[in-house]
Each structure stands twice: as C-alpha cells, then as structure tokens.
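# Survey of secondary and tertiary structure
Listed here are the chains, written in short residue letters.
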Amino acid sequence: MKQEIKLPEIADNLVSGFLSRILVKVGDVIVKDQSVIEIETDKAATDIPTPIGGKIVDIKVHAGDEIRVGQTIMVVESDSPVQDVMVRDGVPDSVAVRDGVPDSVVVRDGVPDSVVVRDGVPASAGMTRASSELPKSVVIPTEVGTPSHSTNASVGTPSHSTNASVGTPSQTTNFPAGSLVPASPSVRRFARELGLDISRVKGTGKGGRISDEDVKAHAKEVIQSPKVAEFAAYAEVPDFSKWGPVEFQPMSRIRTITAESTVNSWQTIPQVVQFDKADITEIEKFRLMSKAAVEKAGGKLTMTAILLKLSAMALKQFPKFNASVDMKNKQIIYKNYINIGIAVDTEQGLLVPVVQNVDKKSLTQLSVELNGIAERARNRKLTSEEMQGGCFTISNLGGIGGTSFTPIVYPNQVAILGVSKSAMEPVFQDGAFVPRNMLPLSLSYDHRLIDGADGARFLVWMCKVLEQPFLTWL
Ligand code: CAO
C-alpha cells in the first residue's frame, strides 16, 4: 500500500522550513524513525524521521524547497499505517536518544551537526524555562556530559559552571554515559532545558523509566545541595596540599553573600564599562573651603558625599539609570525615588549600605549620613533596612589608590559608578599645559537596558557637573 510521508510539526509556531538535504533516494528501503530529510529553520537544522518503514517509490521535494508542515515529502510502499510524528527542538518523539542527542545526529566536539551555531552561540540559546523559574540567587550548575548546545543557561557564563555537578548529590549516575537512558524525548528535552544530564536522573518508573517528576526531583536535589547553596560546588578544587602546606578557613557570611551576589550579577547582567576623567580642581577648592562648616554639623565633606549629591541629580536627568530590568515580565521598572548604595570597605568585607532619598537631602546632610552609615558598617551596627532598596551604587576606591577599575553592577540595579584616586595632571588648555586635579571615573552598566551612547552621555554629564557644578542650577 502506498503511503505519504508528510512534514511533521517541528516546533511551536513554526509553519515551514527549508529543505537542506535529502538523506535517502527512490528505491531505498527505510525503517521507521530513520532520518529522511534535513530541514533548516531560523533556529536549527533538524533531521526529520519517517514515521513508517517501507520502500521509497517517489520523492516529492527538492533541496532548497521551502516545505510547509503537513506537505507531502515522499511516498513509500508500506504495510504499516502512518503514525503522527512530533519533532520538537530537533528531537522526534520516537527517536532513540543517547545523552540528549538523537541517534541520527552526528556529534562533533560535543555539538551535534544539526545545531546551527552563530557567533559561537547555538541559535536556540536564550532564556529557558529553567532560568526563568529558578530562584534568582541560585544557579543550577550545568552537569558534566550535557551537550553544550542544550544548556542555554550556561552560554556565556564563566567556565566554573561547566563541571558543576561534581560533588553534587547527583553523583550517583544511574546509566553509564553513552548508554540508552529510558526516558521519552520530552522528558529528555526538559532535563536538557534545566541543564541536567539525564543519565544522572534516577528513574522511578517501570524498568527505571524517567519521568518529568523524576527530573524535577533531581533538579531540586541539585539546587538544595548545601554545596550549591554556598556556591562552593562549581567545581571540586584540587588537593593543594600535594604542592605544599595549606590552611582552611570557613567562608564568613559576608564573604558568602558577596560571592553569591557577584556571581549572580556576572551571570545575569551583560556589563559594559565607560571611563572618563573629571576636572575637579574647582570643586576640590570648594570642598576644602566648606570642610569645617560640614564638620561642625557632624559630617565629613569628602568626594564620596559630593558624588552622592551629583549622582542623584544625574539619575533624575537620566531615569534609565534609576531603573531595574524585569526579564520575567519583560518590563522596565522606573523608580520615582533615589536611594544610593555606598560600597564600604570593612574588616569583615564589603558592605553596601544605602542612603535613602538622596535627592531630597543637602550636601551637609548627606555628609553627616555618609559618615554615620560608614561607621555603623565598620562596627557591624547596620540594620537590615539600611542595606536595602538601593537604585544605584557608588564605589569609591580613591582613598586607597588606583587609576581605574571596573565595578560590578549590583543585581536588580543597572549601573554603578567607580571612583579612583584623583591626581594632579598636565591638561592642555588654551594652548598650554596647566596642572589640573583630575578624578578618574568608571561607569559599569547593564547593556540590556543601557546603550553605549546612554552610558557615555551619563558620564560626560557627571564630568561636566563636577567641573562646573553651577550647571545644575540651570
Ligand atoms: N581621590 C582622592 N582622594 C580621595 C578620594 C578620591 N577619589 N576619595 C577619598 N579620598 C580621600 C578623602 O578625601 C580622604 O582624605 P582626607 O582624610 O585627607 O580628607 C581620604 O581619601 C579617606 O576618605 P574616606 O574613606 O574617609 O572618605 P570617603 O567619604 O571618601 O569614602 C567610603 C567613604 C565609605 C566610600 C570609603 O571609606 C570606603 O570604604 N571606600 C572603599 C570602597 C570599596 O571597597 N569599594 C570596592 C567595592 S567593590 O566594587
């Protein structure tokens, strides 16, 4: 009996694809699930399997054709009835899959041939169910043996996440790598999306069959692993005592939070740093002149206090910098208040207390408040309220030294101002070199929201206002 093989559904909302290759010819005897053509979409190149076996009597399509879902591809002489085949993400529901890779896909360097890679990033890379549903502060480590194309969450992340499963509870591998794991393609796909190695999942079904629930249970186990919670499970460290004496010190709470927060930022925020230098010669004269008056009020008029004041003005001028990116709901949250975090170096580590409503306070008030929170931070007297609600952060390392650095944007903020040590420099002005006090600034920002031109404008504005503060009167 002659039967038609049609193009099955490949992925959600995909109605057609381009035929890149025909993998069989008229007269071939094919078996069920054998790949017969290769379809290319804007996402990937995918092998299409036949839902029935038989002898090919006609091929209705040509390489280069655009083929629509449901269109007849070929005709076979077969006794078995055609069953619907669902192909999603390149994995037909009935194709045997090893380690998340369909049997029919050639794998080179860990990347299946059929995955289109652009600029070193698989075309399917992006926000996954896994990354959008997981708690913000927890990173699910990528497991060893998971094909790199399927681990969206790991694209562009530091390499420490690539062998993260070492030492996690999922160490108990149920199936040796390369063996056939009893799980349906949709379950495999789900595990892949979570960045999990299916061969490590314990199947609770008949004959060890793995279900969605088993994958979820495994993911939960990985997340709740104490080592993951402490971010110490990215990779097992070598035994350094092989090369010399070592000492162990448990990580403090502050160090742990700093590690978690910086990893979270580094992995979720694409950051760009803009550099500039401000001529603070005049403002420095003003600072020294006004120091005594501020001291009388109980404050210390430093460059940090001045930058607090001017940053609040800049945030009003450039509201994008006073916003947060909410990828889950695809929205930008603009704040109508201005709270600025100040990085404080303490013996226990870095703390970032927040000065509230900076725009509503005078320079003297800010100097007093800054003095107070920096002191409370160093004496470990900050309340949890004083550590919350920051919209933007200033990190001034100029009291210590250095010519420039690249601060890391705090999670849920979009920019941070780094300040290095000011110094007298020869500046070419009106045909001659003149000594000017120059302050190096670096602005790290979240490129998801802020474009390069925005970053440059913000910093140029800050420099201008530091040079001529009366510009803010206009
Ligand atoms: N260039 C030159 N001198 C500077 C300066 C700069 N950018 N910033 C501060 N100074 C000077 C101050 O004027 C002060 O000099 P005097 O004692 O002669 O007046 C001296 O350095 C010390 O300043 P300070 O630290 O007491 O006060 P501050 O308000 O400038 O800074 C604070 C407060 C809390 C920001 C700072 O003490 C601090 O902890 N800095 C470290 C921040 C940090 O660790 N950042 C890294 C975080 S990771 O991104």
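Report follows, based on the coordinates.

### A closer look at the site of the ligand
Around the ligand lies a shell of 21 residues, among which T302, T304, R378, N396 and S420 are the nearest. Between an oxygen atom of the ligand and a side-chain N or O atom of T302, the distance comes to 2.5 Å. Of all elements in the fold, only α6 (281–296), β21 (344–346), α8 (363–378) and β24 (392–396) reach the threshold of two or more residues within the shell around the ligand. Of the residues in the shell around the ligand, the class split is seven nonpolar, eight polar and six charged.

### Here's the deal with the packing of helix α7 (residues 303–317) against helix α9 (residues 452–467)
Taken N-terminus to C-terminus, the directions of α7 and α9 make an angle of 130°; their axes are 10 Å apart at the nearest point. When the axes of α7 and α9 are compared, the pair comes out oblique. Where α7 crosses over α9, the two elements pack in a sense that is right-handed. Every residue of α9 that contacts α7 at M303, I306, L307, L310, S311, M313, A314, L315 and Q317 is listed here: F458, W461, M462, V465 and L466. Considering only residue class, the contact of α7 with α9 consists of twelve nonpolar, two polar and no charged.

### Quick notes on the environment of I73
With respect to the secondary-structure elements, I73 resides in strand β8 (residues 72–77). The spacing of I73 and L7 is 66 residues in sequence and 6.4 Å in space, taken between C-alpha atoms. Residue contacts for I73: discarding those within four places in its chain leaves I5, K6, L7, I37, I59, K60 and V61.

### Digging into the packing of aromatic side chains
What characterises a pair of aromatic rings is the spacing of the ring centres plus the angle enclosed by the ring planes. Counted under the stated rule, the structure contains seven aromatic pairs. Judged by centre distance (6.3 Å) and plane angle (55°), the rings of F240 and W243 are tilted.

### What to know about the pairing of strand β26 (residues 423–429)
Summarising the sheet, β26 and strand β27 (residues 432–446) pair through seven bridges and their orientation is antiparallel. Bridged to E425 within β27 is R436. Adjacent in sequence and paired antiparallel, β26 and β27 are bridged by two residues, among which D430 carries a positive phi angle near 50°.

### So, the environment of V272
Among the secondary structure elements, V272 is positioned in strand β17 (residues 271–279). Residue classification places V272 among the partly exposed positions, given a relative accessible area of 25%. Sequence separation between V272 and V409 is 137 residues; the distance between their C-alpha atoms is 9.7 Å. Here V272 is in contact with L443, S444, Y445 and H447, once residues within four sequence places are set aside.

What counts as what
Residues numbered from 1 in each chain as written. Predicted model: local features only at pLDDT ≥ 70, side-chain atom pairs only at ≥ 80, totals over all residues. Heavy atoms only, no water. Near = heavy atom within 4 Å. Polar contact = N/O pair within 3.5 Å; in protein donor to acceptor, adjacent residues only side chain to side chain. Helix = DSSP H or I, 4+ residues; strand = E, 2+ residues; numbered from the N terminus. Nonpolar A, V, L, I, M, F, W, Y, C, P; charged D, E, K, R; others polar. Axes fitted to C-alpha atoms, helices over the stretch in contact; angles between N-to-C directions. Parallel < 35°, antiparallel > 145°, perpendicular 65-115°, else oblique. Left-handed = near helix turned anticlockwise from the far one by under 90°. Contact = heavy atoms within 4.5 Å. Phe/Tyr/Trp six-rings, centres within 6.5 Å; stacked < 30°, edge-to-face > 60°. Pairing = 2+ DSSP bridges. Buried < 20%, exposed > 50% of the residue type's maximum accessible area, 1.4 Å probe, protein only.

Note that every value here comes from positions in space, so none of it alone points to a role or purpose.
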